[in-house]
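Here are the chains, one letter per residue:
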Amino acid sequence: MKNLIALVDCNNFYASCEKVFDPRLKGRPVVVLSNNDGCIVARSSEAKALGIKMGVPFFKAKDLITKNNVAYFSSNYALYADMSRRVMDTLREFSSCIEVYSIDEAFISMEPPTGCSAEEYSVMIKDAVKRNTGLPVSIGVAETKTLAKIANEFCKKNQSLDGVFDMSKFKDKSRLLSRVPVIDIWGIGKALGRFFMANGIMSANDFVRCPAEAIRMKMGVLGVRMQMELNGKPCIELDEMMHPKKEIISSRSFGRYVTDIAELEEAVSQYTERALEKLRLQSSLAKFIYVFIQTNHHKLHHIQHAEGKLTALDSPSSFTPLFIEAAKSALRKIYRPGIKYIKAGVMLSGIIPDDSMQLCFADSTDHARREHLMSAVDRINYDEGRGSLRFASSGTAQNWKMKMSYRSRRYTTNWKELLTVKI
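Residues numbered from 1 in each chain as written. Predicted model: local features only at pLDDT ≥ 70, side-chain atom pairs only at ≥ 80, totals over all residues. Heavy atoms only, no water.

(A) Seen up close, the packing of aromatic side chains. Evaluated as defined, the whole model comprises 19 aromatic pairs. Among the aromatic residues, those joined into a ring-pair cluster are Phe13, Tyr14 and Tyr80. In this arrangement the basic side chain of Lys145 is found over the ring face of Phe107, its NZ or CZ atom lying 4.8 Å from the centre. Of note, Lys218 hangs over the ring of Phe195, and the distance from its end group to the ring centre comes to 4.0 Å. (Phe/Tyr/Trp six-rings, centres within 6.5 Å; stacked < 30°, edge-to-face > 60°. Lys NZ or Arg CZ within 6 Å of the ring centre and 35° of its normal.)

Have a look at this one:
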């Protein structure tokens, strides 16, 4: 069998996660809201059928939601991240080569046993994910990643395919590609799509037939590779490595306006804690921390202020207390009394691997003590749930926290919120 790639994509991921743990939601429209319950960011298929649009403000859709008994939830990031991990673990049982592309989709190398077709193997994968997690997935199979992406879209839009579409069975793909708008090709985007359509290139098939030199002049080597991928010639390899991030950002909008410096310090401290957790998780150190605060630019009658401050540590580190102190110091330099702030955040940069820094003996001993302390904190928070052990500077009441008025329970990551079953 020729080498094939599959794109496995969870259907309506956030909404589907909510349905897994509540049987009462079966067949019922479900929507999930953005930070501070502002806009609709995920919809079940039933909600889409009602005409509820992605990104619409929650208050504007409230009448339609109430009229049609639509269930609505705040984003439950802990639940979604854990369910994503379970899906990816299941996929690793079927393929030795997997690229986690996003929280709800992954490319995998198809490795069916002898006598089993790619389509049959895809059905096995789909059934295993459903059995292990309760989540429905769509699987598009093809010779290249770009074609697999297109195959997956066909699969999601055509219910008769029952969640699986093997595009490699079609030697001549021109009729299929002619049904794909050029703007929908993976990697094209709206701006390039408009350019191509203005020049008569309307579909993926038109793009394939376009002279390679014309594509190169507009898009460079990446465009030529994309064209070759659409022709069934693999040019974009599966990337199995989880590359360390070069920048780590942690930020949130507040649940209400914040004017007090003490509350801003609590928020910045907590965001710094979270950023440092991510830094240690990828086994890295950081040299710089950037702190920013901003007002609500939609409220033009409010005094506007948005400012940030970059601070450098003496040497790269992953020790949270150092960064918290630096962040609070930076915050005090940009804070203005009486201003109504709606958002704050931190960004780590100057990131290097934690084994790349040379230390003298004294520094090495101090670094090891700090490393052991942070490792213990991370381990406790992993075992007992995030926030079980935190720094006092992050506060306890945290009245500024983001609104999550309709969040479901964190069924899989918090002992106090486990699913209960009445017999």
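From this point on, the discussion continues.
(B) Inspection of the pattern of salt bridges at higher detail. Applying the stated criterion to the full structure yields 20 salt bridges. Of the charged contacts in the structure, one is a salt bridge between Glu99 and Lys145, with a shortest N-O distance of 2.6 Å. In this pair, Glu99 is assigned in strand β5 (residues 98-102) and Lys145 in helix α6 (residues 145-157), connecting sequence segments 46 residues apart. As far as the burial class goes, Glu99 and Lys145 line up, both buried. Residue Lys156 is joined to Glu153 by a salt bridge in which the shortest nitrogen-to-oxygen separation is 3.4 Å. Here Lys156 pairs with Glu153, and both are found in helix α6, just 3 residues apart, close to one helical turn. (Salt bridge = Lys/Arg side-chain N within 4 Å of Asp/Glu carboxyl O. Helix = DSSP H or I, 4+ residues; strand = E, 2+ residues; numbered from the N terminus. Buried < 20%, exposed > 50% of the residue type's maximum accessible area, 1.4 Å probe, protein only.)

(C) Local environment of a nonpolar patch on the surface. A cluster of nonpolar residues, Leu419, Val421 and Ile423, forms a patch on the protein surface that exposes about 410 Å² of accessible area. As for its placement among the helices and strands, Ile423 is situated in the segment after α14 (361-384). (Patch = residues over 30% accessible without salt bridge, like charges linked within 9 Å, V, L, I, M, F, W, Y side chains within 5 Å. Areas by Shrake-Rupley, 256 points an atom, 1.4 Å probe, with all protein chains shown as cover.)

(D) Here's a closer look at the side chain of Glu263. Assignment of secondary structure puts Glu263 in helix α12 (residues 261-281). Using a relative accessible area of 17% as the deciding quantity, one classes Glu263 as buried. A distance of 2.6 Å separates the side chain of Glu263 from the side chain of Arg256, its partner in a polar contact. Glu263 has contacts with Arg256, Val258, Asn399 and Trp400, leaving out every residue within four places of it along the chain. (Polar contact = N/O pair within 3.5 Å; in protein donor to acceptor, adjacent residues only side chain to side chain. Contact = heavy atoms within 4.5 Å.)

(E) Geometry of the sheet that holds β5. Across the sheet, 5 strands lie side by side as β5-β6-β1-β7-β8; this open sheet has mixed pairing. For this open sheet the edge positions go to β5 and β8 (164-166), each flanked by a neighbour on one side alone. The mean inter-strand angle of the sheet, taken between neighbouring strand axes irrespective of direction, is 15°. Looking at chain direction, strand β1 (residues 5-10) and strand β6 (residues 105-109) are connected through 5 bridges and run antiparallel. Note that in β6 the partner of Leu7 across the bridge is Phe107. Against the sheet, helix α5 (residues 118-133) touches β6, β7 (137-142) and β8, its axis set at about 155° to β7. (Pairing = 2+ DSSP bridges. Axes fitted to C-alpha atoms, helices over the stretch in contact; angles between N-to-C directions.)

(F) Here's a closer look at the nonpolar core. By size, the foremost hydrophobic cluster in this structure holds 33 residues, and its most contacted members are Phe13, Leu91, Ile108, Met110, Ile125 and Ile139. Elements with a minimum of two residues in this core: β1, α1 (13-20), α4 (77-92), β6, α5 and β7. One finds Phe107, Ile201, Val208 and Leu230 within the second-largest nonpolar core, a separate group that totals 31 residues. (Core = buried A, V, L, I, M, F, W, Y, C linked by side-chain atoms within 4.5 Å.)

(G) View of the layout of surface pockets. By volume, the second largest pocket amounts to about 1000 Å³. If you go around the second largest pocket, you meet 35 residues; those closest to its centre are Asn11, Asn12, Ser16, Ser45 and Pro136. Mapped onto the lining of the second largest pocket, the elements with two or more residues apiece are β1, α1, β3 (40-43), α2 (45-49), α5, β7 and α6. At 6 residues, the largest contribution of residues to the lining of the second largest pocket is made by α1. (1 Å grid on protein atoms, 1.4 Å probe; cavity = no way out; pocket = protein on both sides within 12 Å on 5 of 7 lines; lining within 4 Å. Points joined across faces, edges and corners; volume = space filled by probe spheres on them.)

(H) Representation of unusual backbone geometry. For Asp37, which is not glycine, the phi dihedral falls at a positive 55°. Counting through the fold element by element, Asp37 comes out in the loop between β2 (30-33) and β3. Residue Asp162 is not a glycine yet carries a positive backbone phi of 55°. Take Asp162: it is sitting in the loop between α6 and β8. By relative accessible area, Asp162 is classed as exposed at 54%.

(I) Region of the structure containing the sheet that holds β3. Strands sit in the order β3-β2-β4 across an open sheet of 3 strands; the sheet is mixed. The sheet is open, and its two borders are formed by β3 and β4 (71-74), each paired with just one other strand. For this sheet, the mean angle separating the axes of adjacent strands, direction not counted, is 25°. Bridge count for β2 against β3 is 3 bridges, and the pairing is antiparallel. Within β3, the position partnered with Val31 by the bridge is Arg43. Packing of α1 onto the sheet brings it into contact with β2, β3 and β4, and relative to β2 it is tilted by some 115°.

(J) Expanded view of the pairing of β2. Neither face of β2 is left uncovered, since the one carrying Val30 and Val32 and the one carrying Val31 and Leu33 both have all their residues buried. Bridge count between β2 and β4: 4 bridges; the pairing is parallel. The partner of Leu33 across the bridge, within β4, is Ser74. Following β2, the chain reverses through 6 residues before pairing antiparallel with β3; Asn36 in that reversal takes a positive phi of roughly 60°.

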